[in-house]
Amino acid sequence: FAATLGVLPFAPRAFAQGDDWPTRNVRVVCPFTPGGSQDNIARRLGAKLQDYLGQTFVIDNRSGAGGSIAADNVAKSPPDGYSMLLGGIASHAVAPNLYSKLPYNAVTDLETVAWIGTQPNLLCCHPSFPHDTLPKLIAAAKAEPGKISFGSSGVGTSPTLTMTLFKQKTGADITFISYRGAAAAASDVLAGHVPLVISNIDSLMSQVNAGKLKPIATSGAKRSPVTPETPTFAELVSPDIVVSSWSIWAVPKGTPARIKDKLRVATERALETPDVIASMKAGGFEPGTMTVAEIDVYIQTEIKRWGEVIRAAGIKPE
């Protein structure tokens with residue numbers, strides 16, 4: 001399903017009189033560390049939701065285990081509208097396939113509320129790294145198996161799975177180094193400890209724009225508008241290497257429909273504002289809309305796809 005930006009006017013009168021949610025701070029649980037792409041999204045939208053709904057949306061970063069720690073925390077929270085999850089490919093499609101005894105069920109314990117958008121992953125290198133194109137990287141990795149390494153934020157994330165597909169399609173032997181977040185991985189590349197980093201594109205664009213990181217490839221179906229000179233994995237390697245990191249709001253099962261409706265409408269209003277659109281697109285993130293039914297079908301297709309990839313690659317939890 002294409003996530004295309006739509007126009008949906010904010011209509012407060014659609015909510016019943018006496019609906020006073022929220023009356024206190026709302027906790028937004030983000031599955032990744034501060035400073036990364038997902039944290040940026042949570043904070044951008046949280047600020048707008050605060051403007052529209054009159055209460056503070058507090059970002060609660062709970063990283064680790066491919067998003068499952070954050071998702072489990074929200075799944076076990078009271079369904080009262082005061083705990084919400086920035087869910088996505090990691091928490092909803094990868095973790096259910098990666099962990100045999102996941103403490104929550106992304107489909108039955110959490111309810112989707114709103115689609116936020118998508119972004120590709122970006123593979124970058126230190127500017128001094130000599131193998132700075134995909135053909136050069138493939139040749140070098142085959143010539144010296146295991147010598148070249150890349151940093152990324154854990155096994156249960158879309159950047160790491162992008163590289164899993166890359167290795168499957170090319171036979172390139174590149175060593176994965178796991179970090180708690182994109183910022184830590186990028187820091188090690190900037191310091192010269194690791195030559196490559198891959199992350200959601202929004203996490204790396206500031207370093208790219210500053211000339212501190214050199215982009216090699218993106219994982220989108222087409223080139224990103226923020227790095228138009230950077231080719232895609234699909235162009236140079238295989239059309240199967242198209243990976244999007246997608247983001248949604250999710251809440252505990254049983255959250256009242258009136259609260260979900262109010263959150264969804266406020267979110268869609270936020271995603272239509274010029275400053276949010278400009279800020280997100282500057283980082284390579286494409287805001288959009290889907291119906292809840294479309295989101296749920298999309299999640300099922302992603303669960304199936306990444307289950308097949310994880311099993312074929314023999315990926316195990318860290």
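Report follows, based on the coordinates.

The rules behind these values
- Residues numbered from 1 in each chain as written.
- Predicted model: local features only at pLDDT ≥ 70, side-chain atom pairs only at ≥ 80, totals over all residues.
- Heavy atoms only, no water.
- Helix = DSSP H or I, 4+ residues; strand = E, 2+ residues; numbered from the N terminus.
- Rg over C-alpha atoms; globule rule 2.2 N^0.38 Å.
- Buried < 20%, exposed > 50% of the residue type's maximum accessible area, 1.4 Å probe, protein only.
- Contact = heavy atoms within 4.5 Å.
- Areas by Shrake-Rupley, 256 points an atom, 1.4 Å probe, with all protein chains shown as cover.
- Core = buried A, V, L, I, M, F, W, Y, C linked by side-chain atoms within 4.5 Å.
- Expected span 1.5 Å × (residues − 1).
- Axes fitted to C-alpha atoms, helices over the stretch in contact; angles between N-to-C directions.
- Parallel < 35°, antiparallel > 145°, perpendicular 65-115°, else oblique.
- Left-handed = near helix turned anticlockwise from the far one by under 90°.
- Nonpolar A, V, L, I, M, F, W, Y, C, P; charged D, E, K, R; others polar.

## Remarks on the overall build of the protein
- Scanning the protein for helices and strands turns up 11 helices and 10 strands.
- Its C-alpha radius of gyration of 19 Å places the protein within 12% of the 20 Å reference for a compact globule of 318 residues.
- Along the longest, intermediate and shortest principal axes, the C-alpha atoms of the protein span 70 × 40 × 30 Å.
- Expressed as a percentage of its 318 residues, the buried residues of the protein come to 55%.
- Counting only contacts in the protein whose residues sit at least 6 apart along the sequence, the fraction spanning at least 24 positions is 79%.
- As displayed, the protein offers around 12900 Å² of accessible surface, 53% of which is attributable to carbon and sulfur atoms.

## Some remarks on the nonpolar core
- Membership of the largest hydrophobic core comes to 53 residues, with the highest contact counts inside it found for Leu123, Phe166, Ile174, Leu196, Phe233 and Trp306.
- Membership of the second largest hydrophobic core comes to 28 residues, among which are Cys30, Leu45, Phe57 and Met280.

## Observations concerning helix α1 (residues 37-53)
- For α1, spanning 17 residues, the distance from its first C-alpha to its last is 24 Å, which sits close to the expected 24 Å at 1.5 Å a residue.
- α1 sits mainly inside the fold: 12 of its 17 residues count as buried.
- Looking only at α1, the buried set comprises Ser37, Gln38, Asp39, Ile41, Ala42, Arg44, Leu45, Gly46, Lys48, Leu49, Tyr52 and Leu53.
- Positive backbone phi, at 80 degrees, marks glycine 54, one or two positions downstream of α1.

## Comments concerning the packing of helix α3 (residues 89-98) against helix α11 (residues 292-313)
- Orientation of α3 relative to α11, taken along the N-to-C sense of each, is 45 degrees, at an axis distance of 8 Å. By the angle between their axes, α3 is oblique relative to α11. Crossing of α3 against α11: the hand is right-handed. Residues Ile89, His92, Ala93, Val94, Asn97 and Leu98 of α3 lie in contact with α11, whose contacting residues are Ile299, Glu302, Ile303, Trp306, Gly307, Ile310 and Arg311.
- For the contact of α3 with α11, the class distribution of residues is 8 nonpolar, 3 polar and 2 charged.

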